[in-house]
Amino acid sequence: MKQIINTESGHVPVLLEESIHFLAPKDGGVYIDATFGGGGHSEAILKAAKCSVIALDRDEDAAKRAISFSKKYIDRFSFFLSNFSQIDSIIGENFFDGILFDFGVSSFQLEDVARGFSFQVNGPLDMRMGNSGLTAGEVINSFKEEEIFQIIKFYGEERFAKRISHDIVNNRPINTTFELANIVRSVIPKVSLIDPATKTFQAFRIFVNDELKEIDIALSKIENLVIKNKIKKANIVTIAFHSLEDRIVKNWIRKNQSKKDEINEKKIILRENVRKVVVPRREEQQKNPRSRSARLRAVTLEYLGEKE
Ligand SMILES: C[S@@+](CC[C@H](N)C(=O)[O-])C[C@H]1O[C@@H](n2cnc3c(N)ncnc32)[C@H](O)[C@@H]1O
């Protein structure tokens, strides 16, 4: 395995070599990096072929990082500050050859104290990737106990959700990441190296950013774009960091495959390019612990043409 590329940005792109392998950039091709972040994957795509990249991110800080890309790759790179659920309005009637989704948060977001994503640094409870919608603090301090319970249970898959939500409500107002983390830690016994606050933080982050719905909408819009724009072949690569994200992608793949017997009526076909998920090799996991939970899926969508 080649050395892991640490971009100028500081965020180490995960499963980089594997993503490029399945995206298979070709000269003249158009690739969408739906989660630009620090641009590690965008850069690798642009270096792999004389192709173009259309990058998206909902985070204004990512937009600022993209400026240097626009200067370096004039005519080959463009950036849109947008949620990927809006992918159809950005692509319009244009064609594309591949799309990459590297879900979740970047190291920039995690390490920026003011963003409130991490329980390892003490900051305000914000957790928004963009700058609209409720902050985590607003949710934590104003929602009913039952609603907080549902968020922690479903988006954190946390079995202690009942007790955590109860203690959260009894300790309001909660203003900082350390305050929230300490409440969770006081409820859950620490039995492994994983911080007990991990799942609760994940839950509020997913809720605040409506992350699962974003994925669901984007995937179904891609299907429609391939049909509407008559795209012969598009490679789609996804990198998920927890089972909730991965399950949405897996179900989307199954849904499209289950139509196999209706092939004559179908306008689109989906081929799975890996039998199961691809996980980072041990070397990558050691060098970049954040990569440990990553799961890559790769499919090709093909437009089959108009049916009688
Ligand atoms: C894991 S990072 C991507 C890192 C990037 N591949 C790199 O190599 O630097 C995920 C990025 O996706 C963005 N993101 C997450 N959900 C999004 C959504 N629904 N729409 C647009 N961007 C999103 C986040 O703001 C973050 O910058």
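No experiment lies behind these values; they were computed from the predicted model shown.

Cut-offs and rules
- Residues numbered from 1 in each chain as written.
- Predicted model: local features only at pLDDT ≥ 70, side-chain atom pairs only at ≥ 80, totals over all residues.
- Pairing = 2+ DSSP bridges.
- Helix = DSSP H or I, 4+ residues; strand = E, 2+ residues; numbered from the N terminus.
- Right-handed = clockwise from strand over helix to strand, strands pointing away.
- Near = placed C-beta within 6 Å.
- Nonpolar A, V, L, I, M, F, W, Y, C, P; charged D, E, K, R; others polar.
- Buried ≥ 20, exposed ≤ 12 C-beta atoms within 10 Å, placed from the backbone.
- Domains from an automatic or database assignment.
- Contact = placed C-beta atoms within 7 Å.
- pLDDT = per-residue confidence, 0-100.
- Core = buried A, V, L, I, M, F, W, Y, C linked by C-beta atoms within 7 Å.
- Expected span 1.5 Å × (residues − 1).
- Arc of directions from axis to C-beta.
- Axes fitted to C-alpha atoms, helices over the stretch in contact; angles between N-to-C directions.

Undergrad: Any chance you could break down the pairing of strand β3 (residues 77–81) for me, citing the residues and the numbers?
TA: Here strand β2 (residues 52–57) pairs with β3 via five bridges, running parallel. The residue of β3 that forms the bridge with valine 53 is phenylalanine 77. In terms of handedness, the path from β2 via helix α3 (residues 60–72) over to β3 forms a crossover that is right-handed.

Undergrad: Please provide a residue-by-residue account of the site of the ligand, values included.
TA: Near the ligand, the surroundings consist of 22 residues, among which Pro13, Thr35, Gly37, Gly38 and Gly40 are the closest. For the shell around the ligand, a count of residues per class yields six nonpolar, 11 polar and five charged.

Undergrad: Tell me about unusual backbone geometry, and please be specific about residues and values.
TA: The omega torsion across arginine 172 and proline 173 is 0°, close enough to zero to call that bond cis. Tracing the backbone through its elements, the reader meets proline 173 in the loop between α8 (161–170) and α9 (177–187). One non-glycine residue, aspartate 210, lies in the positive phi region at around 50°. When you line up the elements, aspartate 210 lands in the loop between α10 (198–209) and α11 (211–228).

Undergrad: Give me the pairing of strand β5 (residues 234–240): which residues, what numbers.
TA: Burial runs high along β5: seven of the seven residues are buried. The alternating pattern of β5 places Ala234, Ile236, Thr238 and Ala240 on one face and Asn235, Val237 and Ile239 on the opposite face, and all of these are buried. Relative to β5, strand β4 (residues 98–102) is paired through five bridges, and the arrangement is parallel. Residue pairing in the sheet places isoleucine 99 in a bridge with isoleucine 236 of β5. Relative to strand β7 (residues 295–303), β5 is paired through seven bridges, and the arrangement is antiparallel. Bridge pairing in β7 places asparagine 235 opposite threonine 300.

Undergrad: Lay out the domain arrangement of the protein with the relevant residues and their values.
TA: When cut into domains, the protein gives domain 1 (16–108 + 211–303) and domain 2 (110–209). Between domain 1 and domain 2, the C-alpha centre-to-centre distance is 29 Å. Contact residues are listed per partner, giving 10 residues for domain 1 and 11 residues for domain 2. Those elements that provide at least two residues to the side of domain 1 that touches domain 2 are α5 (107–111) and α11. Its residues assigned to classes, the side of domain 1 that touches domain 2 shows four nonpolar, two polar and four charged.

Undergrad: Could you give an account of the confidence of the model for the protein, naming the residues involved and the relevant values?
TA: Looking at the protein, pLDDT values average 93 and 94% of them are 70 or higher. Residue range residues 1–9 is modelled with pLDDT below 50. Its contacts to residues more than four positions away, or to other chains, number 23 contacts.

Undergrad: Got a sec to walk through the nonpolar core? Specific residues and values, please.
TA: Counting 52 residues, the largest nonpolar core has Ala34, Ala55, Ile99, Ile222 and Ile239 as the members making the most contacts within it. If you tally residues by element for this core, the top one is α11, at six residues. Within the second largest apolar cluster, 26 residues are counted, among which are Ile151, Val184, Phe204 and Ile206.

Undergrad: Hey, could you go over helix α7 (residues 145–156) for me, with residue numbers and the actual values?
TA: With 12 residues, α7 ought to run about 16 Å at 1.5 Å a step, and its terminal C-alpha atoms sit 16 Å apart, in line with that. Those residues of α7 lying buried are Ile148, Phe149, Ile151, Ile152, Tyr155 and Gly156. On its buried face, α7 is in contact with α6 (136–142), α8, α10 and α12 (243–257). One or two steps after α7, the chain reaches glutamate 157, where phi turns positive at roughly 45°.

Undergrad: Can you lay out α8 for me, pointing to particular residues and giving the numbers?
TA: Residues Ala161, Ile164, Ser165 and Ile168 constitute the buried set of α8. Each buried residue of α8 lies within a common arc of 95° when the element is viewed along its axis, so the set occupies one face. Buried residues along α8 sit in contact with α6, α7, α9 and α10.

Undergrad: Describe in detail the sheet that holds β5, supporting the description with residues and values.
TA: The seven strands lie next to each other as β3-β2-β1-β4-β5-β7-β6, forming an open sheet whose pairing is mixed. Edge positions in the sheet fall to β3 and β6 (268–272), since each of these pairs with one other strand and no more. Here the strands of the sheet are splayed against their neighbours by 20° on average, with no regard to which way each runs. In the sheet, β6 pairs with β7 via five bridges, with the strands oriented antiparallel. Paired with isoleucine 269 across the bridge in β7 is glutamate 302. Where helix α1 (residues 16–23) meets the sheet, its contacts fall on β1 (30–33), β4, β5 and β7, and the angle it forms with β5 comes to roughly 155°. Strands β2 and β3 of the sheet are contacted by α3, whose axis makes an angle of about 165° with β3.

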